[in-house]
Amino acid sequence: MTPCMRLYAFLGQEIKKNINKVPDHPYQQWINTYSAADFEAAASKIEHLLDKLTESANKEDEKALLYNLYRRAMNLEVDFFSAQMLGPVHVPFFKSLAAPENRLLLVSDFDSTCTISDSCPVLADLTVQIAGKIPGGRSAGETEASLLRNKWDDLVMRYMDEYEEVLNRRLSNKEHGNGKAFTTEELQELLKEMSDFELKANARVEEAAVLKGLSPVAIQDAGKSMPLREGCSDFFKRLGLQEAHVDTHILSVCWSKTFIEAVLEQGNFFKIHLPNTSPPLVTLVQKQPTDFSMCLILE
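Just so it is clear, the model here is predicted, and its values are computed rather than measured.

Trainee: I tried to follow the side chain of threonine 115 on my own but got confused; where do I start?
Mentor: Within the secondary structure, threonine 115 is located in the loop between strand E1 (103–108) and helix H6 (120–131). There is a polar contact of 2.9 Å between the side chain of threonine 115 and the backbone nitrogen of serine 112. Dropping the residues within four chain positions of it, threonine 115 is found in contact with Phe110, Met226, Pro227, Leu228, Arg229 and Val263.

Trainee: Looking at this structure, how should I read the pairing of E1?
Mentor: A regular strand places its side chains so that they alternate between the two faces of the sheet. Buried residues dominate E1, accounting for six of its six residues. Burial of the side chains of E1 extends over both faces: Arg103, Leu105 and Val107 are buried on one face and Leu104, Leu106 and Ser108 on the other. With six bridges joining them, E1 and strand E2 (residues 245–251) adopt parallel strand pairing. Bridged to arginine 103 within E2 is histidine 245.

Trainee: Looking at this structure, I do not really get the environment of serine 252. What am I missing?
Mentor: With respect to the helices and strands, serine 252 occurs in the loop between E2 and helix H11 (257–264). With a relative accessible area of 6%, serine 252 lands in the buried category. Distance in space between the C-alpha atoms of serine 252 and aspartate 109 is 5.7 Å, their sequence separation being 143 residues.

Trainee: Explain the packing of aromatic side chains to me, please; I cannot follow it from the model alone.
Mentor: The geometry of two aromatic rings is summed up by the distance between their centres and the angle between their planes. Evaluation of the coordinates by the stated rule reveals 10 aromatic pairs. Each ring, one from tyrosine 163 and one from phenylalanine 197, has its centre 6.1 Å from the other, and the planes form 50°; the classification is tilted. With tyrosine 163 in helix H7 (residues 138–175) and phenylalanine 197 in helix H8 (residues 184–208), this residue pair connects regions lying 34 residues apart in the sequence. Feature note: the residues Tyr8, Trp30, Tyr34, Phe39, Phe80 and Phe81 constitute an aromatic cluster, connected by ring pairs.

Trainee: I tried to follow the pattern of salt bridges on my own but got confused; where do I start?
Mentor: Pairing of side chains with opposite charge becomes possible as their charged atoms draw close. Evaluated as defined, the whole model comprises 10 salt bridges. Two residues, glutamate 47 and arginine 6, come together in a salt bridge whose shortest N-O distance is 2.9 Å. Here the residue glutamate 47 occupies a position in helix H3 (residues 37–53), and arginine 6 occupies one in helix H1 (residues 2–19), the gap between them amounting to 41 residues. The exposure class of glutamate 47 is partly exposed, given its relative accessible area of 23%. Taking the shortest distance from any N to any O, the salt bridge between glutamate 14 and lysine 17 comes out at 3.0 Å. Here glutamate 14 and its partner lysine 17 are both found in helix H1, three residues apart, which amounts to about one turn of the helix. The network of salt bridges with shared partners includes Arg6, Glu40 and Glu47.

Conventions adopted
Throughout this description, residue numbers start from 1 for each chain and increase along the sequence as written. Per-residue local features of the predicted model are confined to residues with pLDDT of at least 70, and side-chain atom pairs are confined, for both listing and counting, to 80 or more; whole-chain, interface and lining totals are unaffected and use all residues. Side-chain measures were taken over the full set of non-hydrogen atoms in the model, leaving aside hydrogen atoms and water. By definition, any uninterrupted DSSP run of H or I lasting at least four residues is a helix, any uninterrupted run of E lasting at least two residues is a strand, and each is numbered from the N terminus. The definition of a polar contact used here is a pair of N or O atoms within 3.5 Å, where within protein one atom must be able to donate a hydrogen and the other to accept one, and adjacent residues in sequence count solely through side-chain atom pairs. Residue contacts follow a heavy-atom distance rule, with two residues in contact if any of their heavy atoms lie within 4.5 Å. Only protein chains enter the accessibility calculation, which uses a 1.4 Å probe. A residue is then buried if its area is under 20% of the maximum for its type, exposed if over 50%, and partly exposed in between. Two strands pair if DSSP finds at least two bridges between them. Planes of paired rings set the category: under 30 degrees apart is stacked, over 60 is edge-to-face and the rest tilted, where pairs are Phe, Tyr or Trp rings (Trp by its six-membered ring) whose centres lie within 6.5 Å. In what follows, salt bridge is the name for a side-chain nitrogen of Lys or Arg lying within 4 Å of a carboxyl oxygen of Asp or Glu.

Below, the structure is given as structure tokens:
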């Protein structure tokens, strides 16, 4: 019971710190119960009782047994909270948007946030399949497909090598420096360098013309079969039905807006931003109205 009481008191107090300003929260009664001073006092009392009952445990093996029992019980309590399905968690989020006057700026990543896997291999495989069907017979198609696959492999290998080089250089400098966490300025510099790296990598894909020949119809068909994370599609559909104003943006380095639209079955309620065709996120946020109730970034 001791780990149970302590974890509930901790979660109640921590959650209240973050949602105390949300009116009519659907779990307000639960939060009030476990964040209350009376519950904290009860948790402290049972901890004190456990200490008193275990005073006679003088041997190291007895202390180790008690420690392991407490640790095991706490792990089970944590597992209990971690066992919730990921799909339905958007329900309280939508309930909190019920008031029409609420305004929300929502910015979401696409690959591996909305989707289960990255979109790059899907588009790459699609181009190779199309290349294998060029006029001139089976041999010509196989040759063209093989050349295109080699181009893709070279682009991917160069991307991974340079990605690791950027991170290793930055992290190595940090490890051999003061050893402290990144300052805000250092983190901004790292993100700026990573952003420049992504833009250059995308430019190489454009220069290699490996996406040449893809038709909008083929891209849409591939997008419709892309597996999404549980609840993702329903989440965006319900956003479009909300009475509250939700300004939604998809920010991605995916090469195809058509692909993203097909994957998410886009209506007209959110905007898609891709490299070289849209303003950066900072500019995007700065241009928004200042009366948003909340800004939420899904990454």
